Structure formats: structure tokens, C-alpha cells
Amino acid sequence: MSFFSKIFGGKTDEAPSTGAAIQKLRETEEMLNKKQAFLEKKIEQEILLAKQNAAKNKRAAIQALKRKKRYEKQLQQIDGTLTTLELQRGTLEEAVTNTDVIQTMKNAADAIKHAHKHMNVDQVHDIMDDIAEQQDVANEISQAISNPIGFGEDIDEDELNKELEELEQETLDSELLDITLPTNKLPEVPKEAVKPKPTSSKKAVEDDEDMKALAEWAS
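Residues numbered from 1 in each chain as written. Predicted model: local features only at pLDDT ≥ 70, side-chain atom pairs only at ≥ 80, totals over all residues. Heavy atoms only, no water.

Colleague: An account of the overall build of the protein is needed here, citing residue identities and associated values.
Modeller: Helix and strand counts for the protein come out as 6 helices and 0 strands. Secondary structure elements of the protein, listed N to C terminal, follow the sequence α-α-α-α-α-α. Sorting the 219 residues of the protein into buried and exposed places 10% on the buried side. Intrachain contacts of the protein at a sequence separation of at least 6 include 65% that bridge at least 24 residues. (Helix = DSSP H or I, 4+ residues; strand = E, 2+ residues; numbered from the N terminus. Buried < 20%, exposed > 50% of the residue type's maximum accessible area, 1.4 Å probe, protein only. Contact = heavy atoms within 4.5 Å.)

Rendered as C-alpha cells:
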């Protein structure tokens, strides 16, 4: 049984799936992180114990420092192991992504192959030639239909132009007859005669009296 088989619990002839391997790597990383935290706590305890016994029990202090060194070595090994596991997990995750991409591309290629299963290049060229030929036939038919053969061949173009000129002249004459010249009208004379402004009778009497007084004074 290989090393990886022992770790992942698989058989030698059956490799674990990438999903299962990634999950197992994550579980192992979590376990090592917990052990790492435990060792860090043990190192702190050994340092504290060494400080407490540094003066009164030198032997106990040295033993505490020795245990601290072992814990630090284990912690260093766990750090290296975690780095390796993280790299492996990243590689597996990338492999899963690449596998999905390749599978998608393969499915697309199979679909294209199936779509082209009943076609080949020669058939496509033949179909395009048929389409072009039928398009030419359709254009000839449309041109033949749009050409009014047998209609209007006995019509004289000069006679038509002469008739058109006569119609234009009639239209011009009609427009000239409809034009009316403006007439200069004098203002209307009022029906009733203008009455002279009446002279005030009082003023006439006063004028007569003044004339009489002037005649008497002169005599």
C-alpha cells in the first residue's frame, strides 16, 4: 500500500476522486492547525515554567526549555507539512477546474461532430451551387415578367408629346383667364348732404347791438 493510499484510506488499484482528495486534504489541514495551536500553547507554558524555576530549581527550568525546543521543532515540521498540503490542494483544485474545462470543450466538439455527421464539404459546395443557380433563374424570371412585351408597341411617342404640350397650353390659358386686374375705387359719397353748422342766435343779437351803438356814437 502506497503512502497516499495510507493517508486517504484508498486501495492501490483505485485512486480517490479529486473531490474526495481535496476534502481529505482540508480535514488534514484543519487537524494540523489545531495541533499547531496546541504546541504554541505548550511552548508558552514551558517558557513560563522555565522562568519560575530559573532561580530555585535550575534542573526543572532546563527540562522545561528542552521540552520547549522539541515543541518548536514539531511546530516547524507542521508548518512545512501545512505548506505542502496547501500546495497539493491548490494543484488538485486547479486540476478539477481544468478537467471541467476540458470536458466542456469535448462535449462541444462532440456536438459539432454530430451536427456535421450527415454533411461533407462536397455536399455543401453542391448546395451552394444549386442555390446560386436557382437565384439566377429567379432573377431571369423576374426580369421577363417585368418586361411588358406586346403592350404599347404601336403608340407614337411624338404624338404623345404633342398631346402633352396641348394640355399644358390649355392649363396655362385657363390660369391666365382666371387672373383679374385690380380696380381703383373712389370713396363713396355720403347719401345725406352735410348740414352747415348753425350759428348761435344769441351771438347774432349781440353783434347787432354792438353795430347800433357804434353808429350812434359816430353821429
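Colleague: Lay out the nonpolar core with the relevant residues and their values.
Modeller: Soluble, globular proteins show a tendency: their nonpolar side chains are buried together. Counting 9 residues, the largest nonpolar core consists of Leu-25, Leu-32, Leu-39, Ile-43, Tyr-71, Leu-75, Ile-78, Leu-82 and Leu-85. Elements that contribute at least two residues to this core include exactly helix H2 (18-53) and helix H3 (58-115). (Core = buried A, V, L, I, M, F, W, Y, C linked by side-chain atoms within 4.5 Å.)

Colleague: Got a sec to walk through the confidence of the model for the protein? Specific residues and values, please.
Modeller: When pLDDT is low, close inspection of the predicted coordinates is not appropriate. Within the protein, residue pLDDT values average 79, and 72% of them lie at 70 or more. Within the protein, the element-level pLDDT minimum falls on helix H1 (residues 3-8), averaging 52, and the maximum on H2, averaging 93. (pLDDT = per-residue confidence, 0-100.)

Colleague: Can you explain the pattern of salt bridges? Please cite residues and give values.
Modeller: All told, the structure shown has 7 salt bridges when counted by the stated rule. The salt bridge involving Arg-26 is made with Glu-93; its shortest N-O contact spans 2.9 Å. On the criterion of sequence distance, the pair formed by Arg-26 in helix H2 and Glu-93 in helix H3 is long-range, its members being 67 residues apart. Judged by its relative accessible area of 42%, Arg-26 falls in the partly exposed class. Its relative accessible area of 28% is what places Glu-93 among the partly exposed residues. In the salt-bridge network here, residues are joined through shared partners; they are Arg-26, Glu-29, Arg-89 and Glu-93. (Salt bridge = Lys/Arg side-chain N within 4 Å of Asp/Glu carboxyl O.)

Colleague: Explain a negative patch on the surface to me, using residue names and the numbers behind them.
Modeller: A cluster of acidic residues, Asp-156, Glu-157, Asp-158, Glu-159, Glu-163, Glu-165, Glu-166, Glu-168, Glu-170 and Asp-173, forms a negative patch at the surface. Within the element layout of this structure, Glu-163 appears in helix H5 (residues 157-177). On the basis of relative accessible area, Glu-163 is assigned to the partly exposed category, the value being 43%. (Patch = residues over 30% accessible without salt bridge, like charges linked within 9 Å, V, L, I, M, F, W, Y side chains within 5 Å. Areas by Shrake-Rupley, 256 points an atom, 1.4 Å probe, with all protein chains shown as cover. Lys, Arg positive; Asp, Glu negative; His and termini not counted. Charge placed at Lys NZ, Arg CZ, Asp CG, Glu CD.)

Colleague: Break down a nonpolar patch on the surface for me, with residues and values.
Modeller: A contiguous nonpolar patch, built from Met-119, Val-124, Ile-127, Met-128 and Ile-131 and spanning about 460 Å² of accessible area, is present on the exposed surface. Along the chain, the position of Val-124 falls in helix H4 (residues 121-146).

Colleague: Give me the lowdown on H2, citing residues and values where you can.
Modeller: Between its first and last C-alpha, H2 extends 52 Å over 36 residues, near the 52 Å set by a 1.5 Å rise per residue. Those residues of H2 that fall on the buried side of the exposure criterion are Ala-21, Ile-22, Leu-25, Thr-28, Glu-29, Leu-32, Gln-36, Leu-39, Ile-43, Glu-46, Ala-50 and Asn-53. (Expected span 1.5 Å × (residues − 1).)

Colleague: Any details on the side chain of Asn-53? Residues and values, ideally.
Modeller: Residue position: Asn-53 is located in helix H2. Those residues in contact with Asn-53 that sit more than four places away from it in its chain are Lys-58, Ala-60 and Ala-61.

Colleague: Any chance you could break down the side chain of Glu-46 for me, citing the residues and the numbers?
Modeller: Mapping Glu-46 onto the fold places it in helix H2. Not counting residues within four places of it along the chain, the set of residues in contact with Glu-46 comprises Ala-64, Arg-67, Lys-68 and Tyr-71.

Colleague: Break down the packing of H2 against H3 for me, with residues and values.
Modeller: At a minimum axis separation of 8 Å, H2 and H3 run at an interaxial angle of 160°. When the interaxial angle is binned, H2 and H3 end up roughly antiparallel. At the point where H2 passes H3, the crossing takes the left-handed sense. Residues that form the contact of H2 with H3 fall into these classes: 20 nonpolar, 8 polar and 14 charged. (Axes fitted to C-alpha atoms, helices over the stretch in contact; angles between N-to-C directions. Parallel < 35°, antiparallel > 145°, perpendicular 65-115°, else oblique. Left-handed = near helix turned anticlockwise from the far one by under 90°. Nonpolar A, V, L, I, M, F, W, Y, C, P; charged D, E, K, R; others polar.)

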